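# Structural characterization, general
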Amino acid sequence: MSKMDRRSFLRALLASGMGGIGAPLLNLSNANAATPAFDDYKALVCLYLFGGNDAFNMVVPIGDESGSTAIGQGHQTYGDIRGNLTVAADDLDLATNFAGGLLGSGSGNPYYVDGTQQSAYVKGVYPLGTTGLGFNGVMPELAQLYSDNRLAVINNVGTLVEPTTKANIGSIDRPPFLFAHNHQQRALQTGWADNLSAAGWAGRLADLWGIGRGGVNNNHTLGMNISYAGSNRMLIGDTSTPVNLNAGDILTYAGMEDGSSSEDLQRKALFRGMNGQNAGSDPLRGLYNNMLTGALSMSDLLITEWPNTPDFAGLTGPYGEALFGRPDSTTLGFTANISSSLFYQLESVAKMASLGKRLGLNRQIFVVSMGGFDNHSVQLERHPRLLRQLSLSLWKFQRAIDSLGMGNEVTLFTQSDFGRTMSNNGDGTDHAWGTDNLIVGGCGQQWGLRFAGRYASGWR
Amino acid sequence: MKLSPLLLLALLPALNGCFGEAPPGGSQNQTIATDSVSEAAAVRFLSQSSFGATEEAVDEVIDYGIEGWIDAQIAMTSPYSDTVTGAIATPNAITTKSHLERTIEIAQMVQQDHDWYDDPDIFNSDGHWLMEYYQLAAWWEHSLKGDDQLRQRVAYALSQIFVVSTAEMPLDDRAESLANYYDILAEHAFGNFRDLMGAVSRSATMGIYLSHQGNEKENPATQTRPDENFARELMQLFTIGLYELNVDGTPRLSSGNLIPTYSQEDIVELAKVMTGWDLQLNSYYGRNSANSGDYTLPMEFTDAYHEYSAKTVLGETIPANLSGSDDLDAALDIIFAHANVAPFISRQLIQRLVTSNPSSAYIGRVAAVFNDNGSGVKGDLGAVVKAILMDDEARSASYISQPSFGKPREPVLAFSAMLRLLDISPLDGWSGYDENGVQPNFDVTGVYWFNDTELGQMPLRSRSVFNFYSPDFIPSDSYFTSNGLVAPELEIQTPPNLISFSNAIDDALHDHESNEIQSWTTLDALAGNANLWWGELYLTDLSDELTIFELALDGDSNGDYLAINDAAVDGNGDTAKARAIDALLDHLDLMLLAGQMESGYRSELRTALINFNDGSNNDEARLIITVAIRAIVTSSAFMIQK
């Protein structure tokens, strides 16, 4: 079982996406390191797939059993183990079916069989050169991004404490609580498989860079780390605080928005006055006061700035829909809709990246998320909709970032709790370890990176 | 009209007679209070043991004493009692009905012509997408208005440990299952934890949520093996947790390392136990669909899909060939016997009710009761709840000033507390629905309709089995990180949620407030235009606050607020308006902050309020009161429960 070391993965990502940080990252606890003086803009976007994505059906093994692909097993064995979850190895012909970055509606989709996502899910793949692998047929956009050198696959990454092989697995330290969602999420967030109580890796980076204390980003209200996916430990530092926002319209305090209404100003002054009271010796109240004050400051900033961010008008998605609009189930050739949540999150990230750059920030790290990947059951009905949403989201986001001329500055990567069992529990899969992740945007383009690591092997 | 506690104090002799005739809490043998409880202490206690203090509840606690009130609540007849031993005392009590019964009634009222029994044996047999809103309305009603406040509050705490959610389809369209599931939690809130484990494991809701419904033994022909989902979370989240604990909740260590409670092998084995269970009346084994099966009955066992081999779980062997139910019980017995259950569950219940960071001694004392209720019984949740609430760490006022004591209120409980103070009631007469749209002939009454998302939290609607927040959430703050302190409820209180929560408070104080509504229309006219597409249909009532304010202002309560702009000052240099604000703040300090308002905070608020003016006397009085309540409820003084 070969897995890429988690910290190497982070290091690779950061060294590429966050150009020039080099050595300090290797020791995030080195508080004496000088705050770097950046003169450019870079952003990382972590797309977290909650629940443990079944990457075996996202990046599908389609080779023969000869071992020529270095996996040593092929589609035949995969199918024997997966049973009714088996994705066929048939080539759905990306070049013809996604010409010009456009898809046909309904039966015009290359993965269409009978109007159900269950059939679409297993119809076929877009082969990735001679790798013996292919992207699931419901992910044409992903395949196109790969073909365009804008997307790389990191094969079979999982949490590790130390170099681990099949031979030494009984004697080395393994990450605690493998297969437990929350602890594996935490391990990915801390970037430290056997220290689940540490602050998040991006939070520690923000600490080190003096976010909130006059360092990188010039003490801006926006800080450095922003989540559109709720509180996320990856972004939480020991001394720095991330910003948590909702996708979409900016929320404002009712009755406090109007800068020319004396009553609104009175309410706002009272709000600030109350938050300044009595933090005294009570840490919970002091923290809560800071949260309230921060929420108002953020709201004030965004009331002014958000209307001036790009609206991506005129740009369209693969079906000709508004760029961040949601194609309906009929268009997709499915029986059920996909969620639009990630579209909106990524739209907000694109707007916020543009705003951050305009306001003179140098580094931003974002977290967005999708849920629903823990498919112990009903996988045939649900997983295709998730993969479809994921593929469309990445395409839409990359279009938006390119339209801003920020294609070299923003890099998105995926993470997920863990991979899933190759075996099938009847109508779903269970928790496992390594999984495949994706890198989209600046990093892949600059490096021409296509694959890192090796696809999982030894399926049984 | 309810009375303020200050007025009540003066009238106490007269009122005692009334309460003597109708003892609150439903006990037939009224316990005479032996411990004297101040009003402030009663409010503080109710923040830990109810959905919020009301003046009636404060009086109950004072009458009964803390222990007497807990005992009365535990003894109170519930919809789950085997035999009804006495009527519930308070008029119009709704606690004679279960969540499921109310959910069904509400569905039948809002959609009067819908065929809820298309299959005569199964309620909602086709599934309906509005179902989750009916369940939620029943939940608000029980939580806001139930006399069995302690039972409902403990059920809510349990719902954050034994998590299920509408996020898992079809529990949204079949949300009668959630009502039924909540009934299981409420029924066992003072029962035995082992019985709760059994009922949850067999419930259709949990079966769907964690996918052991329809689970099958290993099948070589299809290359399938049992689903591990429920087996894992049952141990990780519902009973023993991931690593071994001492009875006081501190981790046991081996060479400095945590000791895992179970291995992957235990999961695989336990998953085999969880095979053969499916919804009753399902059209075929394992079907997972909104229009098949009964979601309100326990799952039934089907022989053919069960793995009958012997299993080894946590080092104990379950013999081969037990019946499905015996197999399950044997596994649950093994888990229940684990030493972790008491500290693991005790800590979380303390966190949900009293304080985020209980001392290990506090956890230890409660866990000891969990392990032995004094009669040698393990798992007596009534005894555990009482031990949590009666503990010195919960009761002694000396803890109020301790830095690590207390807990953030979560949005749902903060909102409910304010609504209960403001005498929330249904807006009666809004229009129901049929398949063609709004149906004005369907008058809906007595329904607490609130399904807006602006709280950022709704019961039984967390995103995952890990609840709305983690019991181990450490906020981004150096004091918390350096001291290893947690603040679970803050995990969901992001800036947008703080803002939308504040706006929900504002809505409740204006758009839903009876006096304000009646300044521009009538309640009947409003209800006549309202229908179920409005996400929130309820009324609040500031009449008490207006009365307190006006009595201090001009000595009457006729609604003219005559002296509100009088410049004349008294011997202290206070205008009538300032004196009215003082009376208002006394009331709000007691009822919202349990008398903990500091002088600096009070003077900041008082000074600001004096400077609020509005067109009419009436508008100005309401403005001042609403500004004050919103400022207090959204401030750390209220949102941090000490």
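Residues numbered from 1 in each chain as written. Chains lettered and ligands numbered in written order. Predicted model: local features only at pLDDT ≥ 70, side-chain atom pairs only at ≥ 80, totals over all residues. Heavy atoms only, no water.

### Here we look at the overall build of chain B
Helices and strands together make up the secondary structure of chain B, namely 27 helices and 13 strands. Over its C-alpha atoms chain B spans a radius of gyration of 26 Å, differing by no more than 12% from the 26 Å that the globule rule assigns to 642 residues. For the C-alpha atoms alone, the extent of chain B along its principal axes is close to 90 × 65 × 50 Å. For chain B, with 642 residues in total, the buried portion stands at 62%. Restricting to contacts in chain B with at least 6 residues of sequence separation, those with at least 24 account for 71%. In the form shown here, chain B has an accessible surface area of approximately 21800 Å², with 50% of it arising from carbon and sulfur atoms. (Helix = DSSP H or I, 4+ residues; strand = E, 2+ residues; numbered from the N terminus. Rg over C-alpha atoms; globule rule 2.2 N^0.38 Å. Buried < 20%, exposed > 50% of the residue type's maximum accessible area, 1.4 Å probe, protein only. Contact = heavy atoms within 4.5 Å. Areas by Shrake-Rupley, 256 points an atom, 1.4 Å probe, with all protein chains shown as cover.)

### Details of the overall build of chain A
Along its length, chain A carries 13 helices and 11 strands. When the 460 residues of chain A are sorted by exposure, 63% land in the buried category. Taking contacts inside chain A between residues at least 6 apart in sequence as the whole, the part at least 24 apart equals 73%. With the model as given, the accessible surface of chain A reaches about 15300 Å², and the carbon-plus-sulfur share is 49%.

### Thoughts on unusual backbone geometry
Glycine aside, negative phi is the norm for most residues, and most peptide bonds take the trans geometry. The linkage connecting B:Met169 with the following residue, B:Pro170, adopts the cis geometry, with an omega of 0°. Locating B:Pro170 in the fold gives a position in the loop between α7 (149-159) and α8 (176-187). One non-glycine residue with positive phi stands out, namely A:Asn217, at about 70°. Given a relative accessible area of 3%, A:Asn217 falls into the buried group. The backbone phi angle of B:Leu314 is positive, close to 50°, even though this residue is not glycine. Take B:Leu314: it is sitting in the loop between β5 (311-313) and β6 (316-318).

### A look at helix α18 (residues 411-421) of chain B
Residues and elements named next belong to chain B. A large share of α18 lies buried, amounting to 11 of its 11 residues. Every buried residue belonging to α18 is among Pro411, Val412, Leu413, Ala414, Phe415, Ser416, Ala417, Met418, Leu419, Arg420 and Leu421, and all of these are buried. Once α18 finishes, Asp423 follows within two positions and takes phi at roughly 55°, a positive value.

### Structural notes on the pattern of salt bridges
In this structure the tally under the stated criterion is 46 salt bridges over all chains. Put simply, A:Glu141 and A:Arg388 hold a salt bridge, and the shortest N to O gap is 2.8 Å. Taken together, the residues A:Glu141 in helix α5 (residues 140-147) and A:Arg388 in helix α12 (residues 379-403) connect sequence positions 247 residues apart. One exposure class covers both A:Glu141 and A:Arg388, and it is buried. In this structure, the salt-bridge partner of B:Arg347 is B:Asp472, at a minimum N-O distance of 2.8 Å. One end of the pair, B:Arg347, is in helix α14 (residues 341-353); the other, B:Asp472, is in the loop between β11 (449-450) and α19 (478-483), and 125 residues separate them in sequence. By relative accessible area, which is 21% here, B:Arg347 ends up partly exposed. Here the salt bridges share partners, and the residues they tie into one network are B:Asp574, B:Asp582, B:Asp586, B:Arg602 and B:Arg606. (Salt bridge = Lys/Arg side-chain N within 4 Å of Asp/Glu carboxyl O.)

### Brief notes about the interface of chain B and chain A
Taken residue by residue, the interface counts 71 residues in chain B and 63 residues in chain A. In total, chain B and chain A occlude about 5700 Å² of area from one another, counting both sides; carbon and sulfur atoms represent 58% of this. It is B:Arg225, B:Ser476 and B:Ile499 that lose the most area in chain B upon contact with chain A, and together they represent 11% of the buried surface on that side. B:Arg225 is the salt-bridge partner of A:Asp430, the closest N and O atoms lying 2.6 Å from each other. Our count for the chain B to chain A interface comes out at 23 residue pairs in polar contact (both at pLDDT 80 or more). Mapped onto the side of chain B that touches chain A, the elements with two or more residues apiece are α11 (229-236), β7 (407-408), α19, α20 (495-509), α25 (599-610), α26 (617-633) and α27 (636-639) of chain B. (Buried area = accessible area lost by both parts, 1.4 Å probe. Polar contact = N/O pair within 3.5 Å; in protein donor to acceptor, adjacent residues only side chain to side chain.)

### Considering the pairing of strand β12 (residues 536-539) of chain B
Each regular strand carries side chains that alternate between the two faces of the sheet. Residue and element names in this part refer to chain B. Along β12, one buried face is formed by Glu536 and Tyr538 and the opposite face, lined by Leu537 and Leu539, is buried too. Sheet topology places strand β8 (residues 425-426) next to β12; 2 bridges connect them, and they run antiparallel. Across the sheet, residue Ser425 finds its bridge partner in β12, namely Leu539. Taken together, the 2 bridges between β11 and β12 define a ladder with antiparallel strand orientation. Bridge pairing links Phe450 to Glu536 in β12. (Pairing = 2+ DSSP bridges.)

### Some points on the sheet that holds strand β8 (residues 363-370) of chain A
All names here are of chain A. One open sheet accounts for 8 strands, arranged β7-β6-β8-β1-β9-β10-β5-β11; its pairing is mixed. With one partner strand each, in any of the chains shown, β7 (243-244) and β11 (451-452) form the two edges of the open sheet. Across 3 bridges, strand β9 (residues 410-416) lies against strand β10 (residues 435-441) in antiparallel orientation. Residue pairing for β10: Leu412 is matched across the bridge by Val440. Packed on one face of the sheet, helix α11 (residues 341-358) meets β1 (42-49), β6 (225-227), β8 and β9 and runs near 175° to β8. (Axes fitted to C-alpha atoms, helices over the stretch in contact; angles between N-to-C directions.)

### As for the pairing of β9(A)
Extensive coverage of β9(A) is indicated by the burial of 7 of its 7 residues. Residues A:Val410, A:Leu412, A:Thr414 and A:Ser416 of β9(A) are buried on one face, and the alternating residues A:Thr411, A:Phe413 and A:Gln415, pointing to the opposite face, are buried as well.

### Things to note about the nonpolar core
In this structure, B:Trp140, B:Phe415 and B:Phe549 are the most contacted members of the largest nonpolar core, which totals 214 residues. Residues contacting B:Phe549, with those up to four places away along its chain left out, are B:Tyr561, B:Ile564, B:Ala580, B:Ile581, B:Leu584, B:Ala621, B:Ile624 and B:Ile625. Counting residues in each nonpolar core, the second largest holds 80 residues, with A:Ile81, A:Phe312, A:Met370 and A:Ala456 among its members. (Core = buried A, V, L, I, M, F, W, Y, C linked by side-chain atoms within 4.5 Å.)

### Some remarks on the environment of A:Phe366
All names here are of chain A. Examined against the element boundaries, Phe366 turns out to sit in strand β8. Placed 13 residues apart in sequence, Phe366 and Ala353 show a C-alpha to C-alpha distance of 9.1 Å. Sequence-distant contacts of Phe366, that is, excluding residues within four places in its chain, are made with Tyr41, Ala43, Leu44, Val45, Cys46, Ile226, Tyr228, Val349, Met352 and Ala353.

### Structural notes on the packing of aromatic side chains
Evaluated as defined, the whole model comprises 37 aromatic pairs over all chains. Residues B:Trp116 and B:Tyr134 carry aromatic rings whose centres are separated by 6.1 Å and whose planes lie at 85° to one another, so their mutual orientation is edge-to-face. Note that B:Trp116 is positioned in the loop between α5 (99-110) and α6 (131-145) and B:Tyr134 in helix α6, a separation of 18 residues in sequence. Side by side, B:Trp116 and B:Tyr134 carry an identical accessibility label, which is buried. Three or more aromatic residues joined by ring pairs form one cluster here, namely B:Phe51, B:Trp139, B:Trp140, B:Tyr156, B:Tyr182, B:Phe415, B:Phe450 and B:Tyr538. Above the face of the A:Phe343 ring, A:Lys396 is positioned so that its terminal group lies 4.8 Å from the ring centre. The ring of B:Phe638 has B:Arg409 lying over it, and the distance from NZ or CZ to the ring centre is 3.9 Å. (Phe/Tyr/Trp six-rings, centres within 6.5 Å; stacked < 30°, edge-to-face > 60°. Lys NZ or Arg CZ within 6 Å of the ring centre and 35° of its normal.)

### Focus on the sheet that holds β12(B)
On the basis of which strands lie adjacent, the open sheet formed by 3 strands has the order β8-β12-β11 (chain B) and antiparallel pairing. Every interior strand has two partners, whereas the edge strands, β8 and β11 of chain B, have only one.

### Here we look at the packing of α5(B) against α6(B)
All names here are of chain B. Close contact between α5 and α6 brings their axes to 8 Å; oriented N to C, the two are set at 125°. Taken together, the axes of α5 and α6 are oblique relative to one another. Relative to α6, α5 is oriented so that their crossing is right-handed. Residues His99, Arg102, Thr103, Ile106, Ala107 and Val110 of α5 touch α6, and the partners they reach there are Met131, Tyr134, Gln135, Ala137, Ala138, Trp139, Glu141 and His142. (Parallel < 35°, antiparallel > 145°, perpendicular 65-115°, else oblique. Left-handed = near helix turned anticlockwise from the far one by under 90°.)

### Observations regarding a nonpolar patch on the surface
Among the surface-exposed residues, B:Trp129, B:Val438, B:Trp533 and B:Trp534 lie close enough to one another that they form a single nonpolar patch of about 400 Å² accessible area. As for its position among the elements, B:Trp533 is in the loop between α22 (523-529) and β12. (Patch = residues over 30% accessible without salt bridge, like charges linked within 9 Å, V, L, I, M, F, W, Y side chains within 5 Å.)

### Here we look at the side chain of B:Asp327
With respect to the secondary-structure elements, B:Asp327 resides in helix α13 (residues 324-336). If sequence neighbours within four positions are ignored, B:Asp327 has contacts with B:Val273, B:His306, B:Glu307, B:Lys311, B:Ile318 and B:Leu322.

### Concerning the confidence of the model for chain B
One rule of thumb: low pLDDT means the predicted coordinates there are not for detailed reading. All names here are of chain B. Within chain B, residue pLDDT values average 91, and 92% of them lie at 70 or more. When the criterion is pLDDT under 50, residues 1-33 qualifies, and its contacts beyond four places in sequence or with other chains add up to 48 contacts. Predicted confidence for residues 83-94 stays below pLDDT 50, and this span has 18 contacts to residues more than four positions away or in other chains. Two numbers describe this predicted complex: its pTM, 0.87, and its ipTM, 0.91. (pLDDT = per-residue confidence, 0-100.)

### Some words on the environment of A:Tyr228
Residues and elements named next belong to chain A. When you line up the elements, Tyr228 lands in the loop between β6 and β7. The class for Tyr228 is buried, based on a relative accessible area of 7%. If near-sequence neighbours (up to four positions away) are discounted, Tyr228 is found in contact with Leu245, Asn246, Ala247, Trp306, Gln345, Ser348, Val349, Met352, Phe366, Val367 and Val368.

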